[in-house]
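Letter by letter, the chains look like this.
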There are 2 protein chains.
Amino acid sequence: MEQNKIPQATAKRLPLYYRFLNNLNQQGKKRVSSKELSEAVKVDSATIRRDFSYFGALGKKGYGYNVEYLLGFFRSTLDHHEITEVALVGAGNLGTAFLKYSFMKNNNIRITKAFDADSNKVGTDIDGVPVYHIDELNEKLEGTRVAILTVPASEADVITEKLVNEGVNGILNFTPARITVPNHVRVHHIDLAVELQSLVYFLKHYPLDKE
Amino acid sequence: MEQNKIPQATAKRLPLYYRFLNNLNQQGKKRVSSKELSEAVKVDSATIRRDFSYFGALGKKGYGYNVEYLLGFFRSTLDHHEITEVALVGAGNLGTAFLKYSFMKNNNIRITKAFDADSNKVGTDIDGVPVYHIDELNEKLEGTRVAILTVPASEADVITEKLVNEGVNGILNFTPARITVPNHVRVHHIDLAVELQSLVYFLKHYPLDKE
């Protein structure tokens, strides 16, 4: 597949580029320079030019990039015509924040169901998403392959095993636990405490210059 | 400074290594192999060996690494004797999740104050952290240099400007907004929607093998 030739580092930046170009398009902008893009998405312009060359988009000096061309390319690459359903597992504070996160509503990914063990939440819906009991995973997942994991760390491994058994092959893990999965399951791990620790470490050891 | 020689990619993994080794130490383990480490933190063992060589830790074949030596090194490198105070700005669902996130309590970073515009929250505390009104930033920040930004996206730029004016030089940005800051301010950006989009994109375009 042609798209497999895009390096993973470039692939990670696609959603950022896509969102910014979409905003520009909605404002009626026809073209954008790599400098403008660079300032908006905080990626240096040499990297942007290299990334875009993989997409066959060659900016012209003094003109920049054609916004519609890029958008068309990104839409097909990111499969924006195809909706991906996602299950949210753990509807505590963090899970609820996800369900209410409005940007989710403007893209091709939908959180369509949530699971929790709290009987006060089961049977309700949060921002239009129904909450089922965690014991109903096997009935209610119905082919959903992607899950956001926002359960307590102590539950992470047990729940992960259940999700994998039900056919989930992608997990966005927001618990502090490093979960164990079979090789075919992709886990992206975002640990709030580690992110904060990294920021503090970088502040101390890689101070930025005042201009 | 000697520590500046550690590559940034290695530096980003330090908090992960630190946490895992701390757990091992508490369990009374004296040594660990790079294979065990690799499985626990999900980093390949060649990378671990290269990382550790920067710390002057050379594993011995059939013995592995000395847990106490590594921990001592990490403690001094991550400045675990020094507490960093952090302000949380925006005590909605996501902000509250941060305040209740228990791992925070076991390291050298403390969220010591929160800010919100909601008069129902101002004057209360959440898990022991007092909530002040957002208009009190100038009085209550009191030299805090690091902030977690969990306000609505529409408020992100205005609040960021206030934070920077009050001397904040590190921001963990959890809003979808790409905020603009002076050069000396470090921003780490975690966008929940982008993280989810990346996971879905990788699942489609870089499927993992079933062994």
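Residues numbered from 1 in each chain as written. Chains lettered and ligands numbered in written order. Predicted model: local features only at pLDDT ≥ 70, side-chain atom pairs only at ≥ 80, totals over all residues. Heavy atoms only, no water.

- Per an unreviewed UniProt entry, chain A carries the name Redox-sensing transcriptional repressor Rex and comes from Oceanobacillus halophilus.
- In its Subcellular location (unreviewed entry) section, the UniProt record describing chain A reads: "Cytoplasm".
- Entered under Sequence similarities (unreviewed entry) in the UniProt record, the comment concerning chain A runs "Belongs to the transcriptional regulatory Rex family." (UniProt positions renumbered as here; feature names shortened; annotations may be inferred.)

## Some words on the interface of chain B and chain A
- The interface is formed by 72 residues belonging to chain B together with 72 residues belonging to chain A.
- Of the roughly 6900 Å² buried between chain B and chain A, counting both surfaces, carbon and sulfur atoms make up 64%.
- Along the contact surface separating chain B from chain A lie 0 salt bridges.
- For the interface between chain B and chain A, the tally reads 6 residue pairs in polar contact (both at pLDDT 80 or more).
- Listing elements by their share of the side of chain B that touches chain A, those giving two or more residues are helix H1 (8-26), helix H2 (34-41), strand E3 (84-89), helix H5 (93-100), strand E7 (146-149), strand E8 (170-173), strand E9 (186-189) and helix H8 (192-205) of chain B. (Contact = heavy atoms within 4.5 Å. Buried area = accessible area lost by both parts, 1.4 Å probe. Salt bridge = Lys/Arg side-chain N within 4 Å of Asp/Glu carboxyl O. Polar contact = N/O pair within 3.5 Å; in protein donor to acceptor, adjacent residues only side chain to side chain. Helix = DSSP H or I, 4+ residues; strand = E, 2+ residues; numbered from the N terminus.)

## Here we look at the nonpolar core
- Judged by nonpolar contacts, the single largest core of 50 residues is most densely connected at A:Ile148, A:Phe174, B:Ile148 and B:Phe174.
- Excluding anything up to four places from it in sequence, A:Ile148 contacts A:Val86, A:Ala87, A:Leu88, A:Val89, A:Phe98, A:Ile111, A:Leu172, A:Phe174 and B:Leu196.
- Counting residues in each nonpolar core, the second largest holds 25 residues, with A:Leu14, A:Val32, A:Leu37 and A:Ile48 among its members. (Core = buried A, V, L, I, M, F, W, Y, C linked by side-chain atoms within 4.5 Å. Buried < 20%, exposed > 50% of the residue type's maximum accessible area, 1.4 Å probe, protein only.)

## A look at the relation of the copies chain B and chain A
- Screw-axis analysis of chain B against chain A gives a translation of 0.0 Å along the axis, an RMSD of 0.0 Å, and a rotation angle of 180°. A rotation of that kind, with that shift, is consistent with a two-fold axis.
- When the interface residues of chain B are mapped onto chain A, 100% of them are again interface residues, pointing to one common binding face. (Least-squares fit on C-alpha atoms with pLDDT ≥ 70 in both.)

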